[in-house]
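# Per-entry structural report
Read off the chains here:
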Amino acid sequence: SGIGRNWPWASGGSSILAEFGTLHLEFVHLSHLSGNPVFAEKVMNIRKVLNRLDKPEGLYPNYLNPSSGQWGQHHVSIGGLGDSFYEYLLKAWLMSDKTDEDGKKMYYDAVQAIETHLIRKSSGGLTYIAEWKGGLLEHKMGHLTCFAGGMFALGADGAPSDKTGHHIELGAEIARTCHESYDRTRMKLGPEAFRFDGGVEAIATRQNEKYYILRPEVIETYMYMWRLTHDPKYRQWGWEAVEALEKHCRVDGGYSGIRDVYNNHESHDDVQQSFFLSETLKYLYLLFSEDDLLPFEHWVFNTEAHPLPVLRKDDGNKEENQK
């Protein structure tokens, strides 16, 4: 029909932060390839609008109404609905050869707000990222949120000099918590979401959160932590995941998700998600590869782990000289 519309469940027809905020890398790359700046201009405009808006406690809600230009429900999540927006602020700066200062500032400001309002430590000493609902915290962390360990570590280099070690440490703490979510299941594969309340730590308490659909985020964080610290435990943890995938998820036709990772017996969901190949296996491969395979100084991974080249400041000059 040519008429745009949003999901009716998304806070009264709002747009979703992770959808409209996860276009920077691809569209900037498209402008680079085509020589047409319009693609990059479109996505930078989205960022300008978000930058100008008042943000509750400096946080970005998951919903923005395209008609009113105002936030929908004040739900904030670094997992589903929000995740890759934050990832792309940092990666837009990295892909620009660290010239995109607006992206950089928005990222570090957002991390500051996340630290203040969402990051908590359990009584057992596990650092986790809670979800924020209208000012109240839900002490739940989704598997999708586990990508943030790698993000914090990747961004450590550009943090204020007194915070570099702190960001690496934050990444390591999130990696440990997410490893615990795997380790505390029977199958050694992590649930879709896990909680920190009522004496429970890093365990799914609701039946509809106990499944594993071959998701990559925990392994993604192991890969970044390995590349940035070379601590052998990340390869060890990655290998535990490989063994669990082979034991519980491998079936005749490929690999299948699991309905309940706390069960003694596999109940397969009979689906091999596309991100299993593009992300889960790729990040495992990179975890056990040398650092000069797709090195971080030359490549940035988009949110589905497709490598895009860093656009060097001097590339344009080279092209001019060759003409």
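The following paragraphs examine the structure supplied in this document. What you are looking at is a predicted structure, and each value in this text was computed from that prediction instead of being measured.

Once that is clear, we can look at the layout of surface pockets. In this approach the atoms are scanned with a rolling probe the size of a water molecule, which exposes any empty space left behind. Of the pockets and cavities examined, the largest pocket occupies roughly 390 Å³. The set of elements that each furnish at least two residues to the lining of the largest pocket consists of helix 4 (83–95), helix 8 (217–229) and strand 12 (299–301). For the lining of the largest pocket, the class distribution of residues is 11 nonpolar, one polar and eight charged.

Looking now at the packing of aromatic side chains. Considering all chains together, one arrives at 17 aromatic pairs under this definition. Seen in terms of ring centroids, Y128 and F196 are 4.0 Å apart; in terms of plane orientation they differ by 5 degrees. Their pairing is stacked. Of this pair, Y128 sits in strand 5 (residues 127–129) while F196 sits in the loop between strand 9 (193–195) and helix 8; the two residues are 68 residues apart in sequence, bridging distant segments of the chain. Each member of the pair Y128 and F196 is classed as buried. Grouping aromatic residues by their ring pairs yields a cluster made of Y60, W71, F85 and Y86.

A few words now on the side chain of E209. The topology assignment puts E209 in the loop between strand 9 and helix 8. Overall, E209 belongs to the buried group, its relative accessible area being 8%. The contact partners of E209, leaving out residues within four places of it in the chain, are K140, P191, E192, A193, R195 and A204.

For the structure on display, the rule yields 15 salt bridges. D157 is the partner of K98 in a salt bridge, and the nearest nitrogen-oxygen pair spans 3.3 Å. Highlighted residues: K98 in the loop between helix 4 and helix 5 (101–117) and D157 in the loop between helix 6 (148–154) and helix 7 (164–183), separated in sequence by 59 residues. Note on D157: relative accessible area 59%, which makes it exposed. Between E192 and R215 there is a salt bridge whose closest N-O contact spans 2.9 Å.

So, on to the side chain of T22. Looking at where T22 falls in the secondary structure, it is placed in the loop between helix 1 (17–20) and helix 2 (24–34). T22 gets classed as buried once you look at its relative accessible area, which sits at 10%. Looking at T22, its side chain comes within polar contact range of the side chain of S84, at 2.8 Å.

Cut-offs applied
- Residues numbered from 1 in each chain as written.
- Predicted model: local features only at pLDDT ≥ 70, side-chain atom pairs only at ≥ 80, totals over all residues.
- Heavy atoms only, no water.
- 1 Å grid on protein atoms, 1.4 Å probe; cavity = no way out; pocket = protein on both sides within 12 Å on 5 of 7 lines; lining within 4 Å.
- Points joined across faces, edges and corners; volume = space filled by probe spheres on them.
- Helix = DSSP H or I, 4+ residues; strand = E, 2+ residues; numbered from the N terminus.
- Nonpolar A, V, L, I, M, F, W, Y, C, P; charged D, E, K, R; others polar.
- Phe/Tyr/Trp six-rings, centres within 6.5 Å; stacked < 30°, edge-to-face > 60°.
- Buried < 20%, exposed > 50% of the residue type's maximum accessible area, 1.4 Å probe, protein only.
- Contact = heavy atoms within 4.5 Å.
- Salt bridge = Lys/Arg side-chain N within 4 Å of Asp/Glu carboxyl O.
- Polar contact = N/O pair within 3.5 Å; in protein donor to acceptor, adjacent residues only side chain to side chain.

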